[in-house]
Amino acid sequence: MLCENLQRVEQKIRAACVRTGRSQEEVTLIAVSKTKPVEMLQEVYDAGAREFGENKPQELKEKYSQLPSDIKWHMIGHLQTNKIKYIIERACMIHSIDSFHLAEAVSKEAIKRNLVMPVLIEVNIAKEDTKFGIIPEEAEKLIQQISKLPGIQVRGLMTVAPYTDCPEENRHYFADLRKLFVDIKAKNIDNVDMRDLSMGMTGDYEIAIEEGATMVRVGTGIFGTRIYGETQL
Ligand SMILES: *Cc1c(COP(=O)(O)O)cnc(C)c1O
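Now for a quick tour of the structure.

Here is what the cut-offs are and how they apply
Residues numbered from 1 in each chain as written. Predicted model: local features only at pLDDT ≥ 70, side-chain atom pairs only at ≥ 80, totals over all residues. Heavy atoms only, no water. Helix = DSSP H or I, 4+ residues; strand = E, 2+ residues; numbered from the N terminus. Contact = heavy atoms within 4.5 Å. Near = heavy atom within 4 Å. Polar contact = N/O pair within 3.5 Å; in protein donor to acceptor, adjacent residues only side chain to side chain. Areas by Shrake-Rupley, 256 points an atom, 1.4 Å probe, with all protein chains shown as cover. 1 Å grid on protein atoms, 1.4 Å probe; cavity = no way out; pocket = protein on both sides within 12 Å on 5 of 7 lines; lining within 4 Å. Sits in = over half its atoms within 2 Å of the grid points. Nonpolar A, V, L, I, M, F, W, Y, C, P; charged D, E, K, R; others polar. Points joined across faces, edges and corners; volume = space filled by probe spheres on them.

## Details of the side chain of Glu 211
Here Glu 211 is to be found in the loop between α8 (205-210) and β8 (215-218). Setting aside anything within four residues of it in sequence, one finds Glu 211 in contact with Arg 171, Phe 174, Ala 175, Arg 178 and Met 199.

## Considerations on the site of the ligand
Near the ligand the following residues occur: Val 32, Lys 34, Ile 76, Met 158, Val 160, Met 201, Thr 202, Arg 217, Val 218, Gly 219, Thr 220 and Arg 226. Within the side chain of Lys 34, a nitrogen or oxygen atom sits 2.6 Å from an oxygen atom of the ligand. Contacts to the ligand include Thr 202, whose side-chain N or O atom sits 2.4 Å from an oxygen atom. In isolation the ligand exposes 390 Å². Once the protein is present, 88% of that is buried. Judged by its atoms lying within 2 Å of the grid points, the ligand is housed in the largest pocket. Of the residues belonging to the shell around the ligand, the class tally is six nonpolar, three polar and three charged.

## Here's the deal with the layout of surface pockets
Estimated volume of the largest pocket: approximately 640 Å³. Considering the residues around the largest pocket, the lining is formed by 28 residues, among which Lys 34, Val 160, Met 201, Arg 217 and Arg 226 are closest to the centre. There is about 190 Å³ of room inside the second largest pocket. Taken together, Leu 6, Glu 10, Ile 13, Gln 24, Val 27, Thr 28, Leu 29, Ala 31, Gly 48, Ala 49, Arg 50 and Glu 51 make up the full set of residues lining the second largest pocket. The set of elements that each furnish at least two residues to the lining of the second largest pocket consists of α1 (2-19) and β1 (28-32). Residue composition of the lining of the second largest pocket, by class: six nonpolar, three polar and three charged.

The analysis is restricted to geometry; functional conclusions fall outside its scope.
Put into structure tokens, the structure is as follows:
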């Protein structure tokens, strides 16, 4: 069943790429496995998935130790500075940098281990009170500041669009984020490599791809509905 879910999502990604004349290689599918047991992740891995997304540092750490080492783990959730240690050597990217303070803490942990952590800046594109992320107007300034830190490299932007039953309603938010991305990229900031736009979830990933997403984060569409508290590590 999970295999079929994965194939269906991959098929829809392909179709969205074809519709907009994009190459399928431009879009990375991140299977969002939060709250799901490792057996299910293994099943999706066996069906071909290699990029997984988690939103809790300890959960990422636990799953990392139990699953194949060629998986790329994406930290997609809100991150507290005291938890960076759990993911700094395990995550291939942090999608949720939304303050200089957090970037500085990532930088410090990365330097200790002699690595450079690729990160995305989380933008609250719809300016919802309930969402993490910085407002669009502050993104460039934050990126300028982070660009001067060692051990961390900004690779693009991420957003969690509003929850909606009508994904078309999010199209303009995705277009706005892409415009912000293009504007910042054009500044050619030293030590910044604007290449990724992480946007689109189960309800709206096809539209996000039509608007330029290079990474889509799909949980429910692959693993089914999440029941909080079900995590069996
Ligand atoms: C849970 C989560 C997703 C996946 O959401 P679905 O609607 O289940 O696809 C994507 N991005 C982030 C940041 C998440 O926390």
